[in-house]
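Summary of the model geometry
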Amino acid sequence: MGVVTSAPASAWSLAAPLLEGPVWVARDAALWFVDIKGHAIHRYDPATGDRRSWSAPGQVGFVLPVASGGFVAGLQTGLARFDPAGGGFAHLVDPEPERPGNRLNDATVDPAGRLWFGTMDDSEAADTGAIYRLAADGRCIAASPFTAITNGPAVSPDGRTLYHIDTLGGVIHACDLATDGSLTNRREFARIPNEQGYPDGPTVDAEGCLWVGLYKGSAVRRYAPSGELLETVPFPVDAITKIAFGGPDQRTVYATTANKHLSPAEKAATPQAGDLFAFRVSVPGVAGALIQEGV
């Protein structure tokens, strides 16, 4: 018996090039996400239907909430503080000033309040991207081998396992996460052949299962902590970039999608590609942590 109780349906028709980074922010009961190629940040309130958007000063891979207010955004130029009230961005740090062809892509906050994020080659070819942890002193500490497209990380509910993805390689990695933020015992968690789709943004649910969107795979997959594939959720579009649990009960799953890879004819045939989707599940997600400054 699967955990999905309703089929994915479009919640916001955007037909965007590359939606990414959905995150449920409990303090304003809304879902935040980005359009990387459209240089936009979006906010969706499902209770009222309110939809708001902000322009970003370039490609933006994620926005994640800070405990003291506002957000940290991942721009091509590095991390920045984002203030929705005024729409402004204040630069914090560039993790890779020596790699101007890279951009920031995906991110998460672990249960201790630490920000983890990935970089990638914007041309999606060179092995120049890595996973980083933002340290208390403002340094960005590399925490993975280099690859062309990183996705994730995602962290288990108990904070002891960190997952990150080599998208082009089709490999989901798992690492042991120590209380000091160090990673050990990197291992292959699951491998997905390219013909089945490319593993994109991951997240975890309350049972510790890993959910992964498939780019060019028309589905989302749910894996047990052991790596066993438990469930596949079919979608009416082919590129699912990331999912997030939200709503008051954490049982609404939101999924971002993309259409940048489609031809005009393919876009016409799948007009919902690049929309925000939602579906319901019986197993809730885990409430997102806030970035704690100085951890």
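Check the entry above for the structure.
Residues numbered from 1 in each chain as written. Predicted model: local features only at pLDDT ≥ 70, side-chain atom pairs only at ≥ 80, totals over all residues. Heavy atoms only, no water.

With that settled, consider the packing of aromatic side chains. Following the criterion strictly, the structure yields 17 aromatic pairs and no others. Relative to Phe82, the ring of Trp54 has its centre 6.0 Å away and its plane inclined at 85°; by these criteria the two rings are edge-to-face. In this pair, Trp54 is assigned in strand S5 (residues 51-55) and Phe82 in strand S8 (residues 78-83), connecting sequence segments 28 residues apart. This pair shows no difference in class: Trp54 is buried, exactly as Phe82 is. Judged by centre distance (6.0 Å) and plane angle (80°), the rings of Phe235 and Phe279 are edge-to-face. In this pair, Phe235 is assigned in the loop between strand S21 (229-234) and strand S22 (240-246) and Phe279 in strand S24 (residues 276-280), connecting sequence segments 44 residues apart. For the pair shown, Phe235 and Phe279 are each scored as buried. Aromatic rings pair up to connect Trp12, Trp24, Phe33, Tyr44 and Tyr254 into one cluster. (Phe/Tyr/Trp six-rings, centres within 6.5 Å; stacked < 30°, edge-to-face > 60°. Helix = DSSP H or I, 4+ residues; strand = E, 2+ residues; numbered from the N terminus. Buried < 20%, exposed > 50% of the residue type's maximum accessible area, 1.4 Å probe, protein only.)

This paragraph deals with the environment of Arg99. Here Arg99 shows up in the loop between strand S9 (88-93) and strand S10 (102-109). The exposure class assigned to Arg99 is partly exposed, which follows from its relative accessible area of 25%. Sequence separation of Arg99 and Thr119 is 20 residues, and the distance between their C-alpha atoms is 10.0 Å.

Note on placement: Asn105 falls in strand S10. Residue class for Asn105 comes out buried when judged on its relative accessible area of 3%. A distance of 3.1 Å separates the side chain of Asn105 from the side chain of Arg103, its partner in a polar contact. Within the local environment of Asn105, its side chain forms a polar contact with the backbone oxygen of Thr150, the two atoms lying 2.8 Å apart. (Polar contact = N/O pair within 3.5 Å; in protein donor to acceptor, adjacent residues only side chain to side chain.)

It is worth spelling out the environment of Ala142 at this point. With respect to the helices, strands and loops of the structure, Ala142 is situated in strand S13 (residues 140-142). Beyond its immediate chain neighbours, meaning those up to four positions away, Ala142 contacts Ile131 and Tyr132. (Contact = heavy atoms within 4.5 Å.)

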